[in-house]
Amino acid sequence: MADIQKLKSIANQVRRDIVRQTFYATCGHPGGSLGCTDLLTALYFEIMEHNPDFNMKAENEDVFFLSNGHISPLFYSILARSGYFPVEELATFRKLNSRLQGHPATHEGLPGVRIASGSLGQGLSVAIGMAYAKRLNNDPKMVYALTGDGELQEGQIWEAAMFAAHYKMDNLIVIVDWNGVQIDGSNEDVMSLGDLPAKWSAFGWRVMEMNGNDMTDVVITLEEAKKGRGKGKPTVILMKTEMGFGVDFMMGTHKWHGVAPNAEQTEKALTQLEETLGDFPAPNS
Amino acid sequence: MLSNYIQTDKKATRDGFGAGVYELGQSNPEVVTLCADLVGSLKIQKFIDEFPERFFQVGIAEANMMGIAAGLATAGKIPFTSTFANFSTGRVYDQIRQSIAYSHKNVKICASHAGLTLGEDGATHQILEDVGMMKMLPGMTVINPCDYNQTKEATIAIAKHHGPVYLRFGRPGWPVFMPEGSFEIGKGIQMNEGTDVSIVATGHMVWYAVEAARKLEESGVSVDLINIHTIKPLDEEIILNSVARTNCIVVAEEHQRLGGLGESIAGVLAKNNPTPMEFVAVNDTFGESGKPSDLLEKYGLSIADINSAAQRVIARK
């Protein structure tokens, strides 16, 4: 059984990393990053078998693709804390000559990143390509992909959803960050997603739901999702999260989607997040 | 020597792609093909029959096809996407830009029915901007072969080249005239040496350039004729050596002037050796329905157009 306390402790540090990266960069996307922290912590520190000695092809290891690339401060913290690159490098987030681009990229060779993302709607297709290659190679490992909920407004998502069901891609697990908000407001106001479970179900997917900010639920649901392997359907987990989770003044609003905290706000946020693994050193300037 | 280039057959360049990809199926187990509901048009049925597990029918969903290709390439496969040129570029430009070009994926974007010679389907499908779009992407190799033989050889060659490639070919039956074994990525082909005018052509227009050169030579004009299949990276040396001999140049292509091969060559010449130049290309307009040869004539891409462009540019020396 997973050590939930340990995972929560890691998630605390990751949330500190998110707040501090965006503060030092004076920009970035803390809200969605904080909301998805428990998921990525569970994936990288409990669920996935993966190798921080980075191999682009990901042979015989589980793979994760981040489609909603704007939550890069979360992705970078998770990769650094998993050993893909030095934690100190988090101080370079969004700065000139950094491997930690505003949105994840392979261009600078950052270990752990296999595809550029940022322009939304593309990651699910890429994940399908990797999952299909694993099928061709008789590789038993799984492929995971995370998308935003607003991202589901992109047509390519549904092209991919149709493909994955048609080809019975049961080595694919997609998680939707269902926080209900996007840049311009709530999904409901901007472009209603309608009955999301029914939509995925109608596309031929196995549909699960979980509370993405309850580590126990996250771990149990992901373990259960893996059991879909061999059953002929891709799995989607509709993950309820709260944007900004873990920092009280960032919750309950979409204001923190793409805004960095100032010094005072950062200090206030960090008092709510215990330093468990040691902060990365502050950048020089 | 012009006399080396004689029509031996008439076949579509897309058939050359189909034959090339079938050979790759036999020789390289990492090669996989994808198609967006145009298997018959892309001539890949033989590959599918023999290697069904390495073919992905994605349906009418080109954006998804590009993303899946990027994922397959990440895992070490060599994906060849196949659909019409219009749906291979403009429709999926952002997918190619982010998931393939910027991400350095080894994807081969194979595009048929490019240009006016698509014919009767009309301007919705006659893309004339694709070379421009694709050559602007950092790291993208752009190849526009001229006949069946060259297309088949290019198809096989790009599997050995690591990196994203745009391979552009066409629909109609077209003269087969290139000797086998003459294709090398990035290396232009000197088809004839001359001193009065350089004629550089790509794609279907190479055959028209050969025919134009024959007529010009008959009338006493010495033509330096170059076949440029690889538009990017451009063989600058062969161009510069040619204009050093002739001091003027005509570029012929089945594409918009803006963004095409002519524009690339103009940039090379402006920097290294400013030279009088004429463009035989579509001039900022869409095409229309019609027979390929009639369309080429109406839009200024006939053999006679190359001929008169040569006369004009010689007069400007």
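Cut-offs and rules
- Each chain carries its own residue numbering, running from 1 in the direction its sequence is written.
- Chains carry letters and ligands carry numbers; both start at the beginning, A for chains and 1 for ligands, and go up in the order they are written.
- In keeping with the model being predicted, local features are shown solely for residues with a pLDDT of at least 70 and side-chain atom pairs are shown and tallied solely at 80 or more, while totals for entire chains, interfaces and linings include all residues.
- Side-chain measures were taken over the full set of non-hydrogen atoms in the model, leaving aside hydrogen atoms and water.
- Runs of H or I in DSSP of at least four residues are treated as helices and runs of E of at least two as strands, each being numbered from the N terminus.
- Our radius of gyration is a C-alpha quantity, and the globule rule it is checked against amounts to 2.2 Å times the number of residues to the power 0.38.
- Each residue is placed in one exposure class: buried if its accessible area under a 1.4 Å probe, protein chains only, is under 20% of its type's maximum, exposed if it is over 50%, and partly exposed if it falls in between.
- A contact between two residues is defined here by any heavy atoms of the two lying within 4.5 Å.
- Pairing between two strands requires that DSSP report at least two bridges joining them.
- Fitting a line to C-alpha atoms yields each axis, with helices limited to the stretch in contact; the angle taken between N-to-C directions then spans 0 to 180 degrees.
- In this analysis, rings of Phe, Tyr and Trp, with Trp reduced to its six-membered ring, are considered paired at centre separations within 6.5 Å, and the interplanar angle assigns stacked below 30 degrees, edge-to-face beyond 60, and tilted for intermediate values.
- Put simply, a charge is over a ring when the Lys NZ or the Arg CZ is close to the ring centre, within 6 Å, and near the line of the ring normal, within 35 degrees.
- Here the quantity called buried area is the accessible surface, traced with a 1.4 Å probe, that two parts lose on coming together, added over both.
- The working definition used for a salt bridge is a side-chain nitrogen of Lys or Arg within 4 Å of a carboxyl oxygen of Asp or Glu.
- Polar contact is defined as a pair of N or O atoms within 3.5 Å, subject to the rule that within protein one atom must be able to donate a hydrogen and the other to accept it, and that residues adjacent in sequence are counted only when both atoms are side-chain atoms.
- Three categories are distinguished: nonpolar for Ala, Val, Leu, Ile, Met, Phe, Trp, Tyr, Cys and Pro, charged for Asp, Glu, Lys and Arg, and polar for the others, with Gly belonging to the last.

S.K.: Is there a simple way to explain the overall build of chain B in this structure?
M.R.: Summing up its helical and strand segments, chain B has 13 helices and 14 strands in all. Relative to the globule expectation of 20 Å for 317 residues, the C-alpha radius of gyration of chain B, 19 Å, shows essentially globular dimensions. With the C-alpha coordinates of chain B rotated into their principal frame, the extents come out at 55 × 35 × 35 Å. Residues counted as buried form 64% of the 317 residues belonging to chain B. Restricting the contact set of chain B to residue pairs at least 6 apart, pairs at least 24 apart contribute 80%.

S.K.: Honestly, the sheet that holds strand S1 (residues 63-66) of chain A in this entry has me stumped. Any pointers?
M.R.: Sheets are built from strands paired through backbone hydrogen bonds, the pairs being either parallel or antiparallel. Residue and element names in this part refer to chain A. Here we have five strands laid out as an open sheet, ordered S1-S2-S3-S7-S6, and parallel in their pairing. Since the sheet does not close on itself, it has two edges, and those belong to S1 and strand S6 (206-211), each with one partner. Here the strands of the sheet are splayed against their neighbours by 20 degrees on average, with no regard to which way each runs. Relative to strand S2 (residues 143-148), S1 runs parallel, the two sharing four bridges. Paired with Leu-66 across the strands is Leu-146, a residue of S2.

S.K.: Help me understand the packing of aromatic side chains, please; the structure alone is not making it clear to me.
M.R.: Centre distance and the angle of the planes are the two values used to describe a pair of aromatic rings. All names here are of chain A. Scanning all chains against the criterion turns up 21 aromatic pairs over all chains. Relative to Phe-163, the ring of Tyr-132 lies with its centre 6.4 Å away and its plane at 65 degrees, an arrangement referred to as edge-to-face. One end of the pair, Tyr-132, is in helix H5 (residues 123-136); the other, Phe-163, is in helix H6 (residues 155-166), and 31 residues separate them in sequence. The exposure class of Phe-163 is buried, given its relative accessible area of 3%. Taking 5.8 Å as the distance between ring centres and 75 degrees as the angle between the ring planes, the aromatic pair formed by Tyr-132 and Tyr-167 counts as edge-to-face. Linking Tyr-132 in helix H5 with Tyr-167 in the loop between H6 and strand S3 (172-178), this pair joins segments that are 35 residues apart in sequence. Under the relative-accessibility criterion, Tyr-132 is labelled buried at 9%. With relative accessibility at 16%, the residue Tyr-167 sits in the buried group. Through a chain of ring-to-ring contacts, the aromatic side chains of Tyr-44, Phe-54, Phe-64, Phe-75 and Tyr-84 assemble into a single cluster. Seen from the ring of Phe-280, Arg-20 lies directly overhead, with NZ or CZ sitting 4.3 Å from the centre. Positioned over the ring face of Tyr-132 is Arg-135, at 4.8 Å from the centre of the ring.

S.K.: What exactly am I supposed to notice about the interface of chain A and chain B here?
M.R.: How big an interface is tends to be stated in terms of the accessible area lost upon association of its parts. Each partner contributes residues to the interface: chain A has 28 residues there, and chain B has 26 residues. Around 2300 Å² of area is buried between chain A and chain B when both sides are counted, 57% of it from carbon and sulfur atoms. Sorting the residues of chain A by area buried against chain B places Gln-122, Leu-136 and Glu-159 of chain A first, and these three jointly supply 22% of that buried surface. Remark: the boundary between chain A and chain B carries zero salt bridges. For the pair chain A and chain B, the number of links is 14 residue pairs in polar contact (both at pLDDT 80 or more). Among the elements of the structure, H5 and H6 of chain A are those that each provide at least two residues to the side of chain A that touches chain B. Broken down by element, the residue count for the side of chain A that touches chain B peaks at eight residues, all from H5 of chain A. Its residues placed into classes, the side of chain A that touches chain B shows 13 nonpolar, 11 polar and four charged.

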